[in-house]
Amino acid sequence: MATVYRHPGLSRRELLKGGAIGAALIITGTAVICPEGAWGLETQGLPPDTVATLIKMARDIYPHDRLPDRYYAIAIKGHDAKAAEDAAYKTLIEEGVADLNRRAGADGYRGLGWEEDRVAVLQQIEDTDFFQAIRSDLVVSLYNQKEVWPYFGYEGESYSKGGYINRGFDDIDWL
Amino acid sequence: MATNYELDDDGVVVIIGSGAGGGTLGNELAQKGIDVVILEAGSRIEFDEFINDEWDSFAQLSWGDLRTASGGWRLAKDFPNLPAWIVKAVGGTTTHWAGASLRFRDFEFKTLTHYGKIDGANLLDWPISLADLEPYYEKAEDKMGVTRTNGIEGLPGNNNFKVFAAGAAKLGYKDYHTGRMAINSAERDGRMACQQTGFCFQGCKWGAKWSTLYTEIPKGEATGKLEVRPNSHVIQIEHDAAGKVTGVVYADKDGNLQRQKARIVCVAGNSIESPRLLLNSASSMFPDGLANSSGQVGKNYMRHTTGSVYAIFEKPVHMYRGTTMAGIIQDESRNDPSRGFVGGYELETLSLGLPFMAAFLNPGAWGRSFASALDAYENMAGLWIVGEDMPQEQNAVKLHPELKDQYGMPVADVWFTDHPNDIAMRNHAYRQGQALYEAVGAVRTFPTPPYPSTHNLGTNRMSEKPSDGVVNKWGQTHDINNLFVSDGSQFTTGAAVNPTLTIVALAIRQADYIAQEMAAGNI
């Protein structure tokens, strides 16, 4: 008998109402706010508009439709903090985002409605230091958040629960 | 019963490194009443301090000092400062290893004889045979508590093994089981049984997996003849005018340099640090580095032909639950050149947690194809390829021409390019692995590139003739009779098996030889 795993935030009711998934972000003078997801990110080193673009870019790099935006926001927070302390880094990110917006056309990167169109822009810059700085950081800062693991069915630490010897290490039932 | 030896005690055997080679050798010598000081670069982290978290554990245990990767392998691009995933801590990489404990086959000691000369390869027969090592394999298996030896039960199969075994049966493989593992299937030697926790690579928090950290080392210390000095990073081996080694210089925990005298020095810092240390110990008498009259120190670097296959199924597998590597198929581990390559390979179960799967499934990849693979993480199964790779003189651990470590010593540059035989073998193994999973309903499979190397071998190789290698059949350097190599860098060739059992067997055998030569007054 397989041990059933419950995905948090994915109940039928929440899926139907839409929840925080795909909610629009509000950009203020100092923050990125997601009213429906009930979170906000006060920026320190980068303009909120730049941070909002990074959040979009992060989702386009590793698109997981079941993950709310807040995990992408947490994942890119480090760039904002680093930009606050490192002028050269701030320039790298700001110029990278500006370049992204230029390539995307009149409405900028976030103005491109289709993921495919945004990905086409990212492909043009994927060898740049800017893109690599974002992607290589994101592969840790997104997937190493313990809060996202349940969305992928990964259970994390098991020692404190006595391992899996009595908790389904051999429970596969479909072979 | 912690013993402390004086820095100017020139009667001690100094062992550099406390892993499978150094930790075992230290205990074996101490049991014979020989005074031993083990200098370990890393700190002492006991098993209850290990962390069930991939990145946190990586930060806790792995060798993070600067290194570079270069050459044609993909790692040089993806992980230019992480050629190897090995450990800097007491116990060395026996804290991190998976536990697979296999003997070489007879022909794998004599590859030049059996495979013949191969273009671009630097094949050589070992100066020992399986018969020479068999008594020591027996001792090593008993010491380590290897399952399916000495009447020890195999481990139970986890979910990942069940998928693997079902696929193996469909492909017609015959020789597959839950492995010969140095992981207790029942309590033994004062250590408890495996609790199927996963996280074998992060250090076993139960102590169920053999590691020198909590077996050889405390047993050696209990004799009063072994001192383990952690945070002691050896930067140079010194010698006298007669060309005998006299001791080592090391940086202590505060970064201050200390000089430990020695009667004998045994280098066991693994196949990257051991040749680096010999090369960094160059002197006017030995301008090319210690024990390097052959020019082979650092050369013939091997890392096994590896790779993984992951597969996604329609339903959950939860591959990460349970022992990480308790599953093996041995049918492909034979020399059958009709497959398009010489030598063989094993297929072994393997899993990564989500954070490392993201980092290693296809390094650098992004976008929907990659992300959708991770979306199906729960439904993934995985295996690892361990095949014999060709020794090549060009594949080498070298001193970096510019970069220096925190003590001012040149760092190791690990230069590696696959031999065509390695590529042919890996492609064959990828096809078999993908076919195996497809036979049991995989909807998508991933031939995943090699990870940073854990099997680092061959850079101080054993040879009959001093012109062909660095050490003789006892691991004693051809050039300096009181200088030994005691780790996997001795390997003349790598065979198709995980190396730890052979490193341990060689260390037990070397201890007998050192004791005999000391008693005879030869060293």
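Computed from a prediction, not measured in an experiment: that's the story for all the values here. (Residues numbered from 1 in each chain as written. Chains lettered and ligands numbered in written order. Predicted model: local features only at pLDDT ≥ 70, side-chain atom pairs only at ≥ 80, totals over all residues.)

> For this particular structure, what's the right way to read the overall build of chain B?
Looking only at helices and strands, one finds 12 helices and 17 strands in chain B. Its C-alpha radius of gyration of 22 Å places chain B within 12% of the 24 Å reference for a compact globule of 523 residues. Principal-axis analysis of the C-alpha atoms places the extent of chain B at approximately 70 × 50 × 45 Å. Counting across all 523 residues of chain B, residues that qualify as buried make up 60%. Counting only contacts in chain B whose residues sit at least 6 apart along the sequence, the fraction spanning at least 24 positions is 75%. (Helix = DSSP H or I, 4+ residues; strand = E, 2+ residues; numbered from the N terminus. Rg over C-alpha atoms; globule rule 2.2 N^0.38 Å. Buried ≥ 20, exposed ≤ 12 C-beta atoms within 10 Å, placed from the backbone. Contact = placed C-beta atoms within 7 Å.)

> Please explain the overall build of chain A as it appears in this structure.
Counting its regular elements, chain A contains 7 helices and 3 strands. N-terminal to C-terminal, the α/β element order of chain A is α-β-β-β-α-α-α-α-α-α. The buried share of chain A, taken over its 175 residues, is 32%.

> Can you help me understand the UniProt feature "domain: Glucose-methanol-choline oxidoreductase N-terminal" (unreviewed entry) in chain B in this one?
Summarizing the sequence annotation, UniProt attributes the feature "domain: Glucose-methanol-choline oxidoreductase N-terminal" (unreviewed entry) to residues 88-305 of chain B in the numbering used throughout. Along residues 88-305 of chain B the backbone is 23% helical and 14% strand, and the end-to-end C-alpha distance reaches 24 Å. (UniProt positions renumbered as here; feature names shortened; annotations may be inferred.)

> Just checking my understanding: could you explain the sheet that holds strand β6 (residues 233-239) of chain B for this structure?
Remark on secondary structure: sheet strands pair via backbone hydrogen bonds, oriented parallel or antiparallel. Residue and element names in this part refer to chain B. Judged by pairing direction, the sheet is antiparallel, and its 3 strands sit side by side in the order β6-β7-β8 without closing on themselves. Strands with a single pairing partner mark the edges of an open sheet, and in this sheet they are β6 and β8 (257-261). Mean inter-strand twist for the sheet, computed between neighbouring axes without regard to direction, equals 25 degrees. With 6 bridges joining them, β6 and strand β7 (residues 245-251) adopt antiparallel strand pairing. The residue bridging Gln236 from the neighbouring strand is Val249, located in β7. (Pairing = 2+ DSSP bridges. Axes fitted to C-alpha atoms, helices over the stretch in contact; angles between N-to-C directions.)

> How should I be thinking about the sheet that holds strand β3 (residues 68-70) of chain B in this particular structure?
Residue and element names in this part refer to chain B. If you walk across this open sheet you meet the 3 strands as β3-β15-β14, and the pairing is mixed. Only two strands of the sheet have a single neighbouring strand rather than two, namely β3 and β14 (396-404). Averaged over all pairs of adjacent strands, the angle between their axes in this sheet comes to 35 degrees, without regard to strand direction. Bridge count for β3 against strand β15 (residues 410-415) is 3 bridges, and the pairing is parallel. Bridging from a neighbouring strand, Ser70 pairs with Trp415 of β15. Against the sheet, helix α8 (residues 270-280) engages β14 and β15, with an angle of about 65 degrees to β14.

> What exactly am I supposed to notice about helix α3 (residues 69-85) of chain A here?
Since there are 3.6 residues in each turn of an α-helix, residues three or four apart along the chain are aligned in direction. All names here are of chain A. Spanning 17 residues, α3 covers 25 Å between terminal C-alpha atoms, matching the ideal 24 Å at 1.5 Å per step. A bend of about 35 degrees at Ile76 is the largest found in α3. For α3, the complete set of buried residues consists of Asp69, Tyr71, Tyr72, Ala73, Ala75, Ile76, His79, Asp80 and Ala83. Where α3 is buried, its residues meet β2 (31-34), β3 (39-42), α2 (48-61), α4 (87-104) and α6 (129-141). (Expected span 1.5 Å × (residues − 1). Bend = angle between axes of the 7 residues up to and from the residue.)

> Before we go on, may I ask you to explain the confidence of the model for chain A in this structure?
Confidence along chain A averages 89 in pLDDT terms, with 87% of residues attaining 70 or more. Across residues 4-22 of chain A the pLDDT falls below 50, and counting only partners more than four positions away or on other chains, this stretch makes 17 contacts in the model. (pLDDT = per-residue confidence, 0-100.)

> Please clarify how the packing of α4 of chain A against α6 of chain A should be interpreted in this entry.
Angle between the axes and distance between the axes: these two values describe a pair of packed helices. All names here are of chain A. Remark: α4 packs on α6, axes separated minimally by 9 Å, with the N-to-C direction vectors making an angle of 105 degrees. Between α4 and α6, the crossing angle belongs to the class labelled roughly perpendicular. The segment α4 lies against α6, with Leu92, Ile93 and Gly96 engaging Asp129, Phe130 and Ala133. Taken together, the residues of the contact of α4 with α6 break down into 4 nonpolar, 1 polar and 1 charged. (Parallel < 35°, antiparallel > 145°, perpendicular 65-115°, else oblique. Nonpolar A, V, L, I, M, F, W, Y, C, P; charged D, E, K, R; others polar.)

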